Amino acid sequence: MPNKLLTGLLLTSSLFLGASAVQAEDCKYRGVLDDKFCDDNYDLVADTPKDPSKWRDPSTLVFTYTPVEDPAVYKDAFSDFQKYLSDVTGKKVVYYTVHSNAAEVEAIRSGRLHIAGFSTGPTGYAVNLGGLVPIAVKGTADGFQGYNLITIARSDSDIYKMSDLKGRVVAHTSASSNSGNLAPRAIFPALGITPDQDYKVKYSGKHDQSIMGVLSGDYEAAPVASDVFKRMVAAERIDADDFRIIYTSPRFPTSSFGYAHDLKPELVAKIKKAFTEFRFPADMQETFGGADRFYPVTYKVDWQVIRDIAHASGTAYTKTGLKRLAEADAAKAAKKRAAAAAKNNG
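Residues numbered from 1 in each chain as written. Predicted model: local features only at pLDDT ≥ 70, side-chain atom pairs only at ≥ 80, totals over all residues. Heavy atoms only, no water.

**Student:** Which residues make up the overall build of the chain, and what are the values?
**Tutor:** Helices and strands together make up the secondary structure of the chain, namely 13 helices and 12 strands. The C-alpha radius of gyration of the chain comes to 20 Å, within 12% of the 20 Å expected for a compact globule of 346 residues. A buried classification covers 51% of the 346 residues belonging to the chain. Taking as baseline every contact in the chain between residues at least 6 positions apart, the subset at least 24 positions apart corresponds to 75%. Entry remark: accessible area of the chain is about 15,500 Å², with carbon and sulfur atoms responsible for 53%. Looking at charge distribution, the chain has the averaged site of its 43 positive side-chain charges lying 4 Å from that of its 41 negative ones. (Helix = DSSP H or I, 4+ residues; strand = E, 2+ residues; numbered from the N terminus. Rg over C-alpha atoms; globule rule 2.2 N^0.38 Å. Buried < 20%, exposed > 50% of the residue type's maximum accessible area, 1.4 Å probe, protein only. Contact = heavy atoms within 4.5 Å. Areas by Shrake-Rupley, 256 points an atom, 1.4 Å probe, with all protein chains shown as cover. Lys, Arg positive; Asp, Glu negative; His and termini not counted. Charge placed at Lys NZ, Arg CZ, Asp CG, Glu CD.)

**Student:** Residue-level account of the pattern of salt bridges, with values.
**Tutor:** Inspection of every chain in the model, using the stated rule, returns 15 salt bridges. Note that Glu277 and Lys273 form a salt bridge whose closest N and O atoms lie 2.7 Å from each other. Here the residue Glu277 and the residue Lys273 both occupy positions in helix H9 (residues 265-277), the gap between them amounting to four residues, near one helical turn. Since its relative accessible area comes to 38%, Glu277 is described here as partly exposed. Here the salt bridges share partners, and the residues they tie into one network are Asp34, Arg109 and Lys319. (Salt bridge = Lys/Arg side-chain N within 4 Å of Asp/Glu carboxyl O.)

**Student:** I'd like to hear about the packing of aromatic side chains, residue by residue, with values.
**Tutor:** One pass over the full model with this rule turns up 26 aromatic pairs. Its guanidinium or amino end placed over the ring of Tyr299, Arg307 lies 5.0 Å from that ring's centre, counting from NZ or CZ. (Phe/Tyr/Trp six-rings, centres within 6.5 Å; stacked < 30°, edge-to-face > 60°. Lys NZ or Arg CZ within 6 Å of the ring centre and 35° of its normal.)

**Student:** Which residues make up the packing of helix H6 (residues 178-187) against helix H12 (residues 304-312), and what values go with them?
**Tutor:** One way to put it is that H6 packs onto H12 with a least axis distance of 8 Å and a crossing angle of 65°. Classified by chirality, the crossing of H12 by H6 is left-handed. Facing Asn178, Leu182, Ala183 and Ala186 of H6, the residues of H12 in contact are Ile306, Ile309 and Ala312. Partitioned by chemical class, the residues of the contact of H6 with H12 number six nonpolar, one polar and no charged. (Axes fitted to C-alpha atoms, helices over the stretch in contact; angles between N-to-C directions. Left-handed = near helix turned anticlockwise from the far one by under 90°. Nonpolar A, V, L, I, M, F, W, Y, C, P; charged D, E, K, R; others polar.)

**Student:** Quick rundown of helix H13 (residues 319-345)? Include the residues and the values.
**Tutor:** The end-to-end C-alpha distance of H13 is 39 Å, a good match for the 39 Å that 27 residues give at a rise of 1.5 Å each. Taken together, the buried positions of H13 are occupied by Gly321, Leu322, Leu325, Ala326, Asp329, Ala330 and Ala333. (Expected span 1.5 Å × (residues − 1).)

**Student:** Got a sec to walk through unusual backbone geometry? Specific residues and values, please.
**Tutor:** The phi dihedral of Tyr42 is positive, around 60°, even though this residue is not glycine. Note that Tyr42 resides in the loop between helix H1 (4-19) and strand E1 (60-65). A positive phi is found at Asp196, a non-glycine position, where the angle reads about 75°.

**Student:** Give a detailed account of the side chain of Arg244, specifying residues and quantitative values.
**Tutor:** Along the polypeptide, Arg244 turns up in strand E10 (residues 243-253). There is a polar contact of 2.7 Å between the side chain of Arg244 and the backbone oxygen of Ile159. (Polar contact = N/O pair within 3.5 Å; in protein donor to acceptor, adjacent residues only side chain to side chain.)

**Student:** Describe the packing of helix H3 (residues 79-89) against H9, with residues and values.
**Tutor:** To describe two helices that pack against each other, one gives the angle between their axes and the distance between the axes. At their nearest, the axes of H3 and H9 sit 9 Å apart, and the two run at 140° to each other. Taken as axis vectors, H3 and H9 run oblique relative to one another. Once H3 is placed against H9, the crossing between them reads as right-handed. Of the residues in H9, those touching H3 at Phe81, Tyr84, Leu85, Val88 and Thr89 are Leu267, Lys270, Ile271, Lys273, Ala274, Phe275 and Glu277. The residue inventory of the contact of H3 with H9, partitioned by class, reads eight nonpolar, one polar and three charged. (Parallel < 35°, antiparallel > 145°, perpendicular 65-115°, else oblique.)

So, to be careful, I would describe these as geometric facts and stop short of saying anything about function.
Here it is, written out as C-alpha cells:
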C-alpha cells in the first residue's frame, strides 16, 4: 500500500495537471493566487465564489492542525474547541491527521479539509494554492501570540555566536518552514553567515527533531521556533540548560487558523463566531504557552513579514514550490523508513 506522503505527492501531480481546466468565474484580479481563485477585493486571499451553487455546506466539518511534533498531542489539545465548533455550527466536527505540510495544503485544496491551522511558512501555500482564508492565530486579549527564530547549540559546545557556525553541520527543518528554513536564509546573510555556503545544511523534518538532533550531536546547531523549544522544555522533554541560544530574531506570528474559501457564507459566519468566542481551557492554555483565545488577524497585514522573508529567500508560493515540497517530504519519509528498517534488521 502506498504511504500517505507518496499518495499526497501523486495527488499533487494530478491536481496540477487538471488545475488549468478549473478557472474562477469572470476574475477582474487574482494576483498571485492560483487560477482556481479570484481576489477582486485585493485582500490577497481567495474570494467567496460569486455563484451560490459553488458554495459548500458539508454535514461534517473536517478540522486539523499543522503536523509538528506529536500529532496525537494536538488532536487531544483541540478536542474542546472541536466540541464548541460543533455546538456553534450545528455540525459534526472530526479531526483529520496530516503527516506533512504538503499533504495539509493538498487536503484543503482538494476540498477534503474545511477548517485548519497551518504553520507560519506553509500558510502562504495554503492561501495561494488551497484557498485558505486565515482569520486567527493563538493569543490573549493583549495581542497575538508570536514566536522567534532562535539558533541553538549545545551548551557544552564551542559555538557562542553566529560566526562560529562557519564550517559546521546545521539542521534546518523543512523547505517550507519559516523559522526553520526561510527566515534563516533571508536573515542570516546580514549577520555574516550564509546557509549552504558558510555551513552545511541538513534537513531534519521537524523542529523537535532539529532540537533533539542538536542534543544528541547529530547536528552542531539549528535554527528553530522558540515556541516549540519552550513547549519541549515545559514538557520536560529537554533541559534548557543543555542548550545555548546564540541568536534571537524579531517576533513572527504563529500558526494561522482559517477556513476554505468556498464554504457557504452563513456557515463561515458561524465558524468565525466560534473562533471569536471560544476561550481556551486551562490544559489548552498550558499546551500553547499561555494563549487563552484565538486572536483575529488578516493575511494581508499580519503575514506581510512572512511574505517578505519568502521573497527574500527566493521562495514562491506556487504549484512548482508545493510540488518540490511534496517531493522533499516523500524523500525524507523514505529515508526515515529505510533507517528504521536498517535498525530493526540490525
